[in-house]
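Working through the structure, step by step
Below, each chain spelled out in residue letters.
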Amino acid sequence: MDIKLKSAAAFYTPDGVVADSPAKGIYAAYREETDSNTYKLYVDSEYKPAGIAIKIALQPGVKDAVFMNGFQSATESREMNVAGKMSGMQSVSDFVKDKYSAFSGGDYAFVPYKNKPGFMHGFSYCYFKHGNNIKLFASLDESQGYTIFRFDAWSSTLRVSKDVEGMDKFPEGPAISLFYAEGKENEVFDLWFKYLSESETVPAEKLLGYSTAALDVISEDVIYKKIGDMKRFPVKANFFLVDERYCMGGDWLKPDRRKFPVGFREIVNEMHESGLVAGITLSPFTVDEKSRIAEAHGDWILRSEDGRFVKIKKSLYVLDLQNPEVREYIRECLHTILFMWGFDLVKLNNLYVAAMMPAKGKNRGQLMCDAISFLRECCGGKLIFADNVPLMATFGKVDYCSVTCDAVTDNLPAYIRSKRFRESPSVNNATSDLVFRRQLNRRAFLNATCPFSLMEKEKFHDGNLNNAEQNLFCSIAGLFSSVLITTDDVTVYDQKQKRKFRKMCMLSEASGVRVRKASGKHIVAYKLDDKNYFIKL
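Thoughts on the side chain of Thr-336
Mapped onto the elements, Thr-336 comes out in helix H6 (residues 324-340). Residue Thr-336 is classed as buried on the basis of its relative accessible area of 18%. Apart from the residues lying within four places of it in its own chain, the contact partners of Thr-336 are Leu-253 and Trp-341.

Okay, structure coming up:
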């Protein structure tokens, strides 16, 4: 590997207590393997790992850009300058965190934030960009733990480490497996995925369709009507998505019989007869606190070290995936939904919760990769649309994956926004995520984003986008997302909205798409129908 390696280290504590610095641990013997594009570090130790890291000398220019991939799909991820700053949430009170779910979805609990310019970190891959030249550093294997990149502009150092907390022993294979390449964007990303064994599993079919997520109430009759309405889409659609309110979260096989008296088998048949991919949404690793499952199986719910049930949002308990009964229940539900009811696709939300804390001798990354492999096994050859998930854990295992947060006007309190809750729903974050994670599309999976709306709003204070935000997001989604889902009643579209819808869908055919920086702003340029267009982010 043609880079300047400053140091490498692996250390442990014989008493099994994780050291918070190498000085408090004992160094283990290690060996290295390198070639032109890879670096692998092996550790020879039977003891409990306390840390594994390498340091690389790296001195980008003051005008260069740095990209650090965020913890999960909803985490803000954008190119920054070398003096960029990432701020965590250490000073936010537990009350505010609980009220706004502003902690569980991020890395704040296990990655320290410096809160100073020039200190940045990311997961699984990062790059340094000078003009059109990119230096890409990327993990080749997350199954042994999350790979964390930390850049320190002041010491000109890139630190690459594994999150080993909770790990019983060093792996037999490489403890760190790193890829490096320098060149044009497509060249380096193509080469990375050639080194990954999961690079040939991306489906060909894009999705364009409708979601019931914005409806006040969903029922059998409403869904049948909406299926019929899809014949009036401005562009032929191929996908229908039922949102997760069809049941109480966790009671996935118990839809409300008053609203769904016949059941989903007939509804799915109607979707198929209309030429639609039939999709349904659930969060397989969480249950509502009022669900039958939560009431009957308190022993299935994950507990923190102090014995309390682990929760996300206001009322969702996290399931303990290390409990065999939990896995069997999830397996049964997915089998019924996909192979008995006949759905073609499951959209799976809040997947990051599978690895909120180390368990059973496994670190977070090991738990996350294991959970995604489990879901793939349960779903067989059916389609998986993943959301709220650490991205590299899904490479080659899911078909579609959201790479953004929800695109809404940021309506969290200013106090939270000032503390940089990086998973906060925001149209600015959503557009940036789509642009700067564009390289994953058709390499790792088909990129997806949140549902969109073209309805004009009179009031924007409830999270609805104003017209400028709507135009920006829809244009970026059309260019960089392979999944376009609307929540609109398209039967009431006027001619202007129909034209906007058609143009959004046409953007996938744009040529010469490129992203550059000018006067401190990122510009997306493309060509469509022999005309040049520019979008300023």
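Moving on from the model shown.
Quick look at unusual backbone geometry
Despite not being glycine, Asn-350 has its phi angle at roughly 55°, a positive value. Looking at the element boundaries, Asn-350 is found in the loop between strand S20 (345-348) and helix H7 (364-379).

Thoughts on the packing of aromatic side chains
This structure, assessed with the given rule, holds 35 aromatic pairs. Plain terms: the ring middles of Phe-193 and Phe-395 are 5.4 Å apart, the flat faces sit at 35° to each other, and that makes the pair tilted. One end of the pair, Phe-193, is in helix H2 (residues 185-195); the other, Phe-395, is in the loop between strand S21 (383-386) and strand S22 (400-402), with 202 residues separating them in the sequence. For Phe-193, a relative accessible area of 5% puts it in the buried group.

Concerning the sheet that holds strand S26 (residues 521-528)
Pairing within the open sheet is antiparallel, and its three strands lie in the order S25-S26-S27. This sheet does not close on itself; its edge strands, each paired only once, are strand S25 (511-518) and strand S27 (531-536). Adjacent strand axes in the sheet meet at a mean angle of 20° when their direction is disregarded. When S26 meets S27, the two strands line up antiparallel, connected through six bridges. Note on S27: the bridge partner recorded for Ile-523 is Lys-536.

Re the pairing of strand S3 (residues 29-34)
Looking at chain direction, S3 and strand S4 (residues 38-44) are connected through six bridges and run antiparallel. Its bridge partner being in S4, Tyr-30 is matched across the sheet by Val-43. Here S3 folds back onto S4, and the loop between the two strands holds three residues.

Describing the nonpolar core
Trp-192, Tyr-246, Trp-252 and Phe-343 are the most contacted members of the largest nonpolar core, which has 127 residues in total. Among the elements that make up this core, the one with the highest residue count is H7 (nine residues). Of all hydrophobic cores here, the second largest spans 34 residues; its members include Ala-8, Ile-56, Met-80 and Val-164.

Things to note about the pairing of strand S6 (residues 65-68)
What you see with S6 is no split at all: Ala-65 and Phe-67 on one side and Val-66 and Met-68 on the other are buried throughout. Alignment of S6 against strand S7 (residues 79-81), held across three bridges, turns out to be antiparallel. Note that in S7 the partner of Val-66 across the bridge is Met-80.

Let's talk about helix H11 (residues 495-506)
Taking 1.5 Å per residue, 12 residues should reach 16 Å; H11 reaches 16 Å between its end C-alpha atoms and fits that length. Regarding H11, the residues found buried are Gln-497, Phe-501, Met-504 and Cys-505. Projected down its long axis, H11 shows its buried positions confined to an angular sector of 95°, all on one face. Contact partners of the buried residues in H11: strand S14 (207-211), helix H10 (467-480) and strand S24 (483-486).

Regarding the packing of H6 against H7
Running from amino to carboxyl end, H6 crosses H7 at an angle of 40°, the nearest separation of the two axes being 9 Å. Our classification of the angle between H6 and H7 gives oblique. Every pair of crossing elements has a handedness; the one defined by H6 and H7 is right-handed. On the side of H6, the interface is formed by Arg-327, Ile-330, Arg-331, Leu-334, Leu-338 and Phe-339, while H7 contributes Asp-370, Phe-374, Leu-375, Glu-377, Cys-378 and Cys-379.

Points about the pattern of salt bridges
Scanning the model with the defined rule gives 18 salt bridges in all. Here Arg-31 ties to Glu-33 by a salt bridge, and the two come within 3.6 Å at their closest N and O atoms. A residue is classified by how much of its surface remains accessible, and Glu-33, at 38% relative accessible area, is partly exposed. Put simply, Asp-387 and Lys-347 hold a salt bridge, and the shortest N to O gap is 3.0 Å. In this pair, Asp-387 is assigned in the loop between S21 and S22 and Lys-347 in strand S20, connecting sequence segments 40 residues apart. Residue classification places Asp-387 among the buried residues on the basis of a relative accessible area of 11%.

As for the sheet that holds strand S9 (residues 125-130)
On the basis of which strands lie adjacent, the open sheet formed by seven strands has the order S3-S4-S13-S10-S9-S6-S7 and antiparallel pairing. A strand with exactly one partner marks an edge of an open sheet, and here the two such strands are S3 and S7. The average undirected angle you get between the axes of adjacent strands in this sheet is 20°. Pairing between S4 and strand S13 (residues 176-183): four bridges, direction antiparallel. In the sheet register, Lys-40 faces S13, and the bridge partner there is Ser-177. This element, H2, spans S4, S9, strand S10 (133-139) and S13 of the sheet and lies at about 155° to S13.

Here we look at the confidence of the model for the protein
As a general rule, the predicted coordinates of low-pLDDT regions are not to be interpreted in detail. With 89% of its residues at a pLDDT of at least 70, the protein reaches an overall mean of 88. In this model residues 458-462 is a low-confidence stretch, pLDDT under 50, and it forms six contacts with partners more than four residues away in sequence or in other chains.

Analysis parameters
- Residues numbered from 1 in each chain as written.
- Predicted model: local features only at pLDDT ≥ 70, side-chain atom pairs only at ≥ 80, totals over all residues.
- Heavy atoms only, no water.
- Helix = DSSP H or I, 4+ residues; strand = E, 2+ residues; numbered from the N terminus.
- Buried < 20%, exposed > 50% of the residue type's maximum accessible area, 1.4 Å probe, protein only.
- Contact = heavy atoms within 4.5 Å.
- Phe/Tyr/Trp six-rings, centres within 6.5 Å; stacked < 30°, edge-to-face > 60°.
- Pairing = 2+ DSSP bridges.
- Axes fitted to C-alpha atoms, helices over the stretch in contact; angles between N-to-C directions.
- Core = buried A, V, L, I, M, F, W, Y, C linked by side-chain atoms within 4.5 Å.
- Expected span 1.5 Å × (residues − 1).
- Arc of directions from axis to C-beta.
- Parallel < 35°, antiparallel > 145°, perpendicular 65-115°, else oblique.
- Left-handed = near helix turned anticlockwise from the far one by under 90°.
- Salt bridge = Lys/Arg side-chain N within 4 Å of Asp/Glu carboxyl O.
- pLDDT = per-residue confidence, 0-100.

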